[in-house]
Amino acid sequence: MSIVLLAVSVVALLEGGKLTSGGPLTSNLESARAAKLVADDLRHDRSSGSTVLLVLSSPSLSVTDAGFRSALDDAVAPLRSDRRVKMLVTPYDAPPEQAAGLISRDGHAALVRVGLGDGLTRAEAYYPQLRAEVHSSALRIEGTGQLPINRAFNSTLESDLGRAEVISLPVTLLLLLVIFGSVVAALLPLGVGILAIVGGVGATLLLARFSDVSQYALNIVTLIGLAVAIDYSLFIVNRFRDELKAGAGGEDALAITMATAGRAVTFSGVTVAIGLSAMLFYQGTFMASMGAAGALVVGIAVLYALTFLPALLAAVGGRVERLRLPVLQPRPEGQGMWSRLAQRVMMRPVVVLLPTLGFLLLAGTPFLHLRMANGDVEMLPPRLEARQGFDRLLRDFPGQDSTLFNVVVQYPAGDPLAPGRVGDQYDLGRRLAAVPGVQAVRGLTSADPSLSRADYQRLYSQPVSQLPPEIQTLYRQSAGSHIVLMTLTSSRAASSDGARRIVDAIRQDPGVPGGRVLVTGQTAFDVDVIRFIQGRTPLAVGFVVLVTCLVFFLLTGSVVLPLKAVLMNLVSISASFGALVWIFQDGHLSHLLGFTPQSIDPSIPVILFSIVFGMSMDYEVLLVSRIQEEWRRTGDNRRAVATGLERSGRLITGAAAIMVAVFASFGLAEVVIIKAIGIGLAIAVALDATVVRALIVPAVMRLLGPANWWAPRPLAWLHRVIGAGASPPRREPRPAPGSLLDPGPTLASPSK
């Protein structure tokens, strides 16, 4: 089966579909519908071409100097003869009313608009060649605009992915060597991790042949696939080694391993996939494809861990200990660090629990002032030309820092310029111009301030060919067969509260008889996407929590442990969310990490919750399954917790160290959304594997005592009938009174 899966993965890598670069957008949003109406119905937008903006500047020459003009003309001359260029506008050949906007405020920079005949996808392929044609020894040249920015995102994401793989794989191997102390044992999980990545990437590209899949999905596949595959393999290999050391033969050791660690890995994979499924509730956004790709790679990692890895262990057998390194030998059972830590925590559980929970809740408080906005060019590193040119455009050129609101007046029955409708549009334009923060309204009924409502009605009652030339130009830009476009201008930043209030004011306007008023633009997209995500989140979180509790019940037969696990996970997630806001929104460590502080992209909390919840349950399953083995074997809750933590604590810490290394390598990414996800996950896993698993879990399980394993009789019967629980091994005698693991009075047996 593993060989077939690998073959299919390779074929998918070679023949898979193309990933998209779209951001969080759904066609159900008002802003998306309005943008589509503009693209479909306005004549000037029917071209599939794309635009490049060239910023040419000189510290000594002014745009009005002959030397500047000569240098600019020489620089763009190759573009004039390039067949791919359909339009080229400079300050020297633009109409006077447009030329002023193509010259910087200080007069030392000029803006050149380059229109291409091809759309973004095709133009991105030859943009570097096109950009190389434009050069000058006298002027500094920066290319920006949608095409260069899109290409910068694509190339930076690819380099981020390559950098993460180059860093994470050697670090992972080093940590595996430290954990296992054997080269052979360390190479097995790493090999499974690499196979999981190959399979995950192949599955993602195969999925892209049938639906839109975001390019961000590959980063998530690599990030999750390597982490969980190594995690699962680590537990299986370690359990196999333990059984061999206990005297079992190769076949018996493998059988016990798959019945215990293999079972835990299966349930763990299911819980991680359930966490990732939260992103599927955001259909129409790029998060849905990330959730699907993440669930696929987790499934592939589990499949390799349950098929390919056992086959390797069967072939290797006792040679898994070959090529040992000089490391500290583990202490006898019950005398290790994790056992002693668990015992000390359980001696004073309340003293440990209250300040620990207080710390996590305090760490989560920055999340209370979360501010969300869709990511834009500021997610790119400042070193890139596309980012530098965009920053200069906003800073130096008049009007470029204005926020635009495109108001679409749609008439489903057509004839948008009937005399009565022109009057309604005139009234609408005047009401919108009075909205606080709106500086100007540009449209067919505001072209000439000296004209009255009746004047505009008479003007547009005549044929278009008889309109004044400047009105004809505006007509082509603003009127379609079913819509009329008005553009509002504001000085308020696109993601500011003031800009969002303008969107709300437009939508609260009574509109026009017989038509609908829609608004689009960056701010409208921000508002719509944030509200869309907020509206879907309760359902997504509720589904994940409910299904996770069900799966955890099937694993343990308890209704208490699933609720405890969910609550603890939510606490640790809140702490990681607080760190996310503290770093990326508030700007702490921004100079060290190399990014521009900004509002949090609304997709980041969703992605973090989906992954962190799944990963937290991953550790919970692996830890509790080992504790449950001891509970079934001894019926002693306190001893089960101590022994279970001793036998899995070192592995959980090692697995967490590997995950932190993998996630932190993505924290070195230059695209802020990937950097934020990587660092947020690294913090969450570090907190979960140390503070939560080492302190909170033992304290809570000590306080609950035998109630940890309680379930109502009907559910307990159902659990036995389903047979999801492991068969209870033979019990061992109680430890001698006064020994380290002596729990004192006998605790209730799980069979009673």
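Residues numbered from 1 in each chain as written. Predicted model: local features only at pLDDT ≥ 70, side-chain atom pairs only at ≥ 80, totals over all residues. Heavy atoms only, no water.

**Quick notes on the sheet that holds strand E4 (residues 140-144)**
The four strands are arranged E2-E3-E1-E4 in an open sheet whose pairing can be described as antiparallel. Among the strands making up the open sheet, the edge pair consists of strand E2 (85-89) and E4. Averaged over all neighbouring strand pairs, the angle between strand axes comes to 20°, with direction disregarded. Sitting on the sheet, helix H5 (residues 120-132) is in contact with strand E1 (50-57), E2, strand E3 (109-116) and E4, with an inclination near 170° to E4. On the sheet, helix H6 (residues 146-180) packs against E1, E3 and E4 and is oriented at approximately 95° with respect to E1. (Pairing = 2+ DSSP bridges. Helix = DSSP H or I, 4+ residues; strand = E, 2+ residues; numbered from the N terminus. Axes fitted to C-alpha atoms, helices over the stretch in contact; angles between N-to-C directions. Contact = heavy atoms within 4.5 Å.)

**Brief notes about the packing of helix H7 (residues 183-207) against helix H11 (residues 308-316)**
Closest axis-to-axis distance for the H7/H11 pair is 11 Å, and the angle between their directions is 155°. Comparing the axis directions of H7 and H11 gives the class roughly antiparallel. Handedness of the crossing formed by H7 with H11: right-handed. Residues Val184, Leu188, Val192 and Leu195 of H7 form the contact with H11, whose participating residues are Phe308, Leu309, Leu312, Leu313 and Val316. Of the residues assigned to the contact of H7 with H11, the class counts are nine nonpolar, no polar and no charged. (Parallel < 35°, antiparallel > 145°, perpendicular 65-115°, else oblique. Left-handed = near helix turned anticlockwise from the far one by under 90°. Nonpolar A, V, L, I, M, F, W, Y, C, P; charged D, E, K, R; others polar.)

**What about the sheet that holds strand E7 (residues 483-490)?**
Strand order in the open sheet formed by four strands is E6-E7-E5-E8, with antiparallel pairing between adjacent strands. At either margin of the open sheet sits one strand with a lone partner, and together these are strand E6 (438-442) and strand E8 (516-520). Put simply, the sheet's adjacent strands are angled 25° from each other on average, direction ignored. Here helix H15 (residues 419-433) sits on the sheet in contact with strand E5 (403-410), E6, E7 and E8, set at roughly 15° to E7.

**Examining the pattern of salt bridges**
As enumerated under the stated definition, the model contains 31 salt bridges in all. The salt bridge involving arginine 387 is made with aspartate 391; its shortest N-O contact spans 2.9 Å. Note that arginine 387 and aspartate 391 are positioned in helix H14 (residues 385-396) at a spacing of four residues, about one turn of the helix. Here aspartate 391 falls in the partly exposed class, since its relative accessible area comes to 25%. Residues arginine 507 and aspartate 528 are paired through a salt bridge, measuring 2.7 Å at the closest nitrogen-oxygen approach. (Salt bridge = Lys/Arg side-chain N within 4 Å of Asp/Glu carboxyl O. Buried < 20%, exposed > 50% of the residue type's maximum accessible area, 1.4 Å probe, protein only.)

**Some details on the environment of alanine 66**
Position of alanine 66 among the secondary structure elements: in helix H3 (residues 66-80). Residue alanine 66 is classed as exposed on the basis of its relative accessible area of 65%. It is 34 Å that separates the C-alpha atoms of alanine 66 and arginine 151, two residues lying 85 residues apart in sequence.

**Some words on the pairing of E1**
In terms of residue burial, E1 counts as a mostly covered element, since seven of its eight residues are buried. One ladder, built from eight bridges, connects E1 with E3; its direction is antiparallel. Along E3, the bridge assignment pairs leucine 53 with arginine 113. Examined bridge by bridge, E1 and E4 share five bridges and lie antiparallel to one another. Across the sheet, serine 57 pairs through a bridge with arginine 140, a residue of E4.

**A short note on the side chain of glutamine 425**
Inspection of the secondary structure assignment puts glutamine 425 in helix H15. Take glutamine 425: its relative accessible area is 1%, and that puts it in the buried class. Those residues in contact with glutamine 425 that sit more than four places away from it in its chain are Tyr411, Pro416, Leu417, Thr445, Val484 and Met486.

**Quick word on a nonpolar patch on the surface**
On the surface, a nonpolar cluster with roughly 460 Å² of combined accessible area is contributed by Leu715, Trp717, Leu718, Val721 and Ile722. Within the secondary structure, leucine 715 is located in helix H25 (residues 713-722). (Patch = residues over 30% accessible without salt bridge, like charges linked within 9 Å, V, L, I, M, F, W, Y side chains within 5 Å. Areas by Shrake-Rupley, 256 points an atom, 1.4 Å probe, with all protein chains shown as cover.)

**Quick look at the confidence of the model for the protein**
Mean pLDDT over the protein: 85, with 90% of residues reaching 70 or higher. In the model, residues 328-334 has pLDDT below 50 throughout and makes ten contacts with residues more than four positions away in sequence or in other chains. The low-confidence segment residues 727-752 (pLDDT under 50) makes 48 contacts with residues lying over four places distant or belonging to another chain. (pLDDT = per-residue confidence, 0-100.)

**With respect to the nonpolar core**
Grouped together as the largest cluster of nonpolar side chains are 159 residues, with contacts concentrated most on Ile224 and Phe663. Considering every element that reaches this core, the biggest residue donor is helix H24 (residues 672-704), with 20 residues. Sequence-distant contacts of isoleucine 224, that is, excluding residues within four places in its chain, are made with Leu276, Val297, Val298, Ile611 and Met615. If you look at the next biggest cluster of nonpolar residues, it comprises 24 residues, including Ala75, Tyr127, Ile141 and Leu147. (Core = buried A, V, L, I, M, F, W, Y, C linked by side-chain atoms within 4.5 Å.)

**As for the pairing of E7**
Most of E7 sits out of view: seven of its eight residues are buried. The sheet contact formed by E6 and E7 spans four bridges and is antiparallel. Looking across to E7, one finds that valine 438 is bridged to serine 490.

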